[in-house]
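# Residue-level structural notes
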Protein chains: 2
Amino acid sequence: MSRPEDVASIPLFEGLPGDEVEQLSAIAADRSFRRGESIFLEGDEGDGFYVVLSGRVKVFKLSMEGKEQTLHLFGPGEPFGEVALFAGRRFPANAEALEESRILFFPREAFAGLIRQNPSVAMNLLALLSVRLRRFTALIEDLSLKEVPGRLSAYLLYLSRQRQGGTDLALDVTKAQLASLLGTIPETLSRILGRMSRQGLIESDGRRIRILDLEGLESLAEGGGF
Amino acid sequence: MSRPEDVASIPLFEGLPGDEVEQLSAIAADRSFRRGESIFLEGDEGDGFYVVLSGRVKVFKLSMEGKEQTLHLFGPGEPFGEVALFAGRRFPANAEALEESRILFFPREAFAGLIRQNPSVAMNLLALLSVRLRRFTALIEDLSLKEVPGRLSAYLLYLSRQRQGGTDLALDVTKAQLASLLGTIPETLSRILGRMSRQGLIESDGRRIRILDLEGLESLAEGGGF
DNA sequence: CGTCGACTTGAGTTAACTCAAATCATGTGG
DNA sequence: CCACATGATTTGAGTTAACTCAAGTCGACG
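Residues numbered from 1 in each chain as written. Chains lettered and ligands numbered in written order. Predicted model: local features only at pLDDT ≥ 70, side-chain atom pairs only at ≥ 80, totals over all residues. Heavy atoms only, no water.

Across its full length, chain A holds nine helices and 11 strands. For chain A, the spread of C-alpha atoms along the principal axes amounts to about 60 × 40 × 30 Å. When the 226 residues of chain A are sorted by exposure, 54% land in the buried category. Nonlocal contacts in chain A, meaning residues at least 24 apart in sequence, comprise 71% of its contacts between residues at least 6 apart. On chain A, roughly 10,100 Å² of surface is accessible, and the fraction owed to carbon and sulfur atoms is 49%. (Helix = DSSP H or I, 4+ residues; strand = E, 2+ residues; numbered from the N terminus. Buried < 20%, exposed > 50% of the residue type's maximum accessible area, 1.4 Å probe, protein only. Contact = heavy atoms within 4.5 Å. Areas by Shrake-Rupley, 256 points an atom, 1.4 Å probe, with all protein chains shown as cover.)

This is the structure:
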């Protein structure tokens, strides 16, 4: 159903013996999704989990009124939907392809044994879930204890760190997407970008953002007022 | 350092062979904390993890201005601080005893081997982290997509479910604590309890809350307006 | 009985939201 | 190469949930 080299390329399965990889790829389904296509919905039965091969996937919550809170964006090599395997059986959120994406699906049974036999897979999973827990902790902190400018600053600083401290950033998501990631709405994000530009903290042109005052941003991200 | 029967009573170690329990209890430190005493601070090096034997522990984030967001309350049998073992090495939040508590500390090295040798411990941990991830997902949803009355309703319904659908609830935390759990402040919580009482949704007297209109609460928790 | 912590209430402020509309960017078909 | 359609972004005006600060009130315990 899927190619062994694709399975072997997944960090989660790093160091897995060749025959196990073969077995896994025999049962994994290789699926494609178009931009905007739904992969699963909150409440769906979680009969397995997914790994992004190419493209990008958004995992998000939806409120009754239609507001969206993005929990996480996943790119190539990253697994998602595993939580349903270990607790609760149902997906706690929605997943949708942000662009044309190729995605592997591993059915649940394929997996129980694998983990027992391969402690390294279990360790990888533990590390993975821990990292995600840490991210969620940060998101909760942001939502509860920071205002939008603080969250935006934290995000920009995170991007800057990811690029070895570069101050020339190019958003890899739309601003509406970024708003959803920060727990706000596009209008608010737009106004705050404007304000931060006027104050000389950043320079913003479309998806290109240049950081002008790193310390100013840091103080904002820590919780300093405007 | 600690008693084997205490270690054996921890659900995480369920089904662990006797000699492993002995080994673990030999290296686990049995510590006591007074009400309000700090167990660790955000940013501290995580050289191990903890399990509550008795009492209660609050894990929380603190903002610059002193507002607190409770992430989780832990009771007897529950481990906390494990995230630092698998990712990041440092605690992402603060922990403090809410009351006189006895707590076991397991140093990091005690553990790496244990997991490799005992798949069931690894599975227990995976399940544990998954449940926590699910809770955090719900908390993020609450903070981002619901207003305080919705969060409070969800919490009351959760308490009611925990008590087999009973409608007579007794808070086991102070209202200030509850406010922090819901991501708000005591004043706001107080006003909203008042409003919900006036509307006949609940009856509130000190820490005793009686649910009068289950459906009304459910509609609020789903995101319906007041 | 006085004190301390927990809780409530009042008054005023504000960040962020909603709704509506204008503007800009991009890509497609003619 | 232009004109329009579509989606992304910005701007404006008005509203509101929840916050801050300040001042009670309540209740339990020494």
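What follows deals with the environment of Glu218(B). Residue and element names in this part refer to chain B. When you line up the elements, Glu218 lands in helix H9 (residues 214-222). Residue Glu218 is classed as partly exposed on the basis of its relative accessible area of 35%. Along the sequence, Glu218 and Leu156 sit 62 residues apart, while their C-alpha atoms lie 9.7 Å from each other.

Every regular strand shows the same layout, with side chains that alternate between the two sheet faces. All names here are of chain A. By the alternation rule, side chains of strand S11 (residues 208-211) split into Ile209 and Ile211, which are all buried, and Arg208 and Arg210, of which none is buried. The pairing of strand S10 (residues 202-205) with S11 spans four bridges and is antiparallel. Following the sheet pairing, Ile202 is matched in S11 by Ile211. (Pairing = 2+ DSSP bridges.)

Before going further, it helps to spend a moment on the nonpolar core. Residues Phe13(A), Phe80(A), Phe13(B) and Phe80(B) are the most contacted members of the largest nonpolar core, which totals 96 residues. Apart from the residues lying within four places of it in its own chain, the contact partners of Phe13(A) are Val7(A), Leu24(A), Phe49(A), Phe106(A), Phe111(A) and Leu114(A). (Core = buried A, V, L, I, M, F, W, Y, C linked by side-chain atoms within 4.5 Å.)

What follows deals with the relation of the copies chain B and chain A. Rotating chain B by 180° and translating it 0.0 Å along the rotation axis places it on chain A, where the RMSD comes to 0.1 Å. This pairing of chains is accounted for by a two-fold axis. The share of interface residues of chain B whose copies in chain A are also at the interface is 100%, consistent with both copies meeting through the same surface. (Least-squares fit on C-alpha atoms with pLDDT ≥ 70 in both.)

Turning next to the domain arrangement of chain A. All names here are of chain A. Parsing chain A into structural domains produces domain 1 (3-121) and domain 2 (146-223). Look at where the C-alpha atoms of domain 1 and domain 2 centre, and you get two points 30 Å apart. Tallying the contact residues gives eight residues for domain 1 and eight residues for domain 2. The interface formed by domain 1 and domain 2 contains one salt bridge. Seen at the junction of domain 1 and domain 2, the total is six residue pairs in polar contact (both at pLDDT 80 or more). Looking at the side of domain 1 that touches domain 2, the element that brings in the most residues is strand S5 (residues 68-74), giving four residues. Class assignment of the residues belonging to the side of domain 1 that touches domain 2 gives a composition of two nonpolar, two polar and four charged. (Domains from an automatic or database assignment. Salt bridge = Lys/Arg side-chain N within 4 Å of Asp/Glu carboxyl O. Polar contact = N/O pair within 3.5 Å; in protein donor to acceptor, adjacent residues only side chain to side chain. Nonpolar A, V, L, I, M, F, W, Y, C, P; charged D, E, K, R; others polar.)

Residues and elements named next belong to chain B. Taken together, the four strands give an open sheet; going across it, the order is S1-S8-S3-S6, and neighbouring strands pair in antiparallel fashion. Across the chains shown, the open sheet's two edge strands, defined by having one partner strand only, are strand S1 (29-33) and strand S6 (79-80). Bridge count for S1 against strand S8 (residues 101-107) is five bridges, and the pairing is antiparallel. Along S8, the bridge assignment pairs Asp30 with Leu104.

Moving on, we get to the sheet that holds strand S3 (residues 48-54) of chain A. The strand order S1-S8-S3-S6 (chain A) describes an open sheet built from four strands, whose pairing is antiparallel. Each end of this open sheet is capped by a strand with a single partner; those strands are strand S1 (29-33) and strand S6 (79-80) of chain A.

So, about the protein's contact with DNA strand C. Around DNA strand C, 16 residues are found, and the nearest of them are Glu147(A), Val148(A), Thr184(A), Thr188(A) and Arg191(B). At a separation of 2.7 Å, a phosphate oxygen of DNA strand C approaches a polar backbone atom of Val148(A). Take Thr184(A): an N or O atom from its side chain is 2.6 Å from a phosphate oxygen of DNA strand C. Elements represented by at least two residues in the surface near DNA strand C include exactly helix H6 (148-162) and helix H8 (186-198) of chain A together with helix H7 (175-182) and helix H8 (186-198) of chain B. (Near = heavy atom within 4 Å.)

The next subject is the packing of aromatic side chains. Throughout the structure, instances matching the rule amount to 24 aromatic pairs over all chains. Measuring from ring centre to ring centre gives 5.3 Å for Tyr50(A) and Phe80(A), while their planes differ by 15°; the resulting arrangement is stacked. Highlighted residues: Tyr50(A) in strand S3 and Phe80(A) in strand S6, separated in sequence by 30 residues. What makes Tyr50(A) buried here is its relative accessible area of 5%. Taken together, a centroid distance of 5.6 Å and an interplanar angle of 25° make the contact between Phe74(B) and Phe80(B) stacked. Just as Phe74(B) is buried, Phe80(B) falls in that class too. An aromatic cluster is defined as three or more aromatic residues linked by ring pairs; in this entry it consists of Phe40(A), Tyr50(A), Phe74(A), Phe80(A), Phe91(A) and Phe105(A). Looking at Arg31(A), its charged tip hangs above the ring of Phe105(A), at a distance of 5.4 Å from the centre. (Phe/Tyr/Trp six-rings, centres within 6.5 Å; stacked < 30°, edge-to-face > 60°. Lys NZ or Arg CZ within 6 Å of the ring centre and 35° of its normal.)

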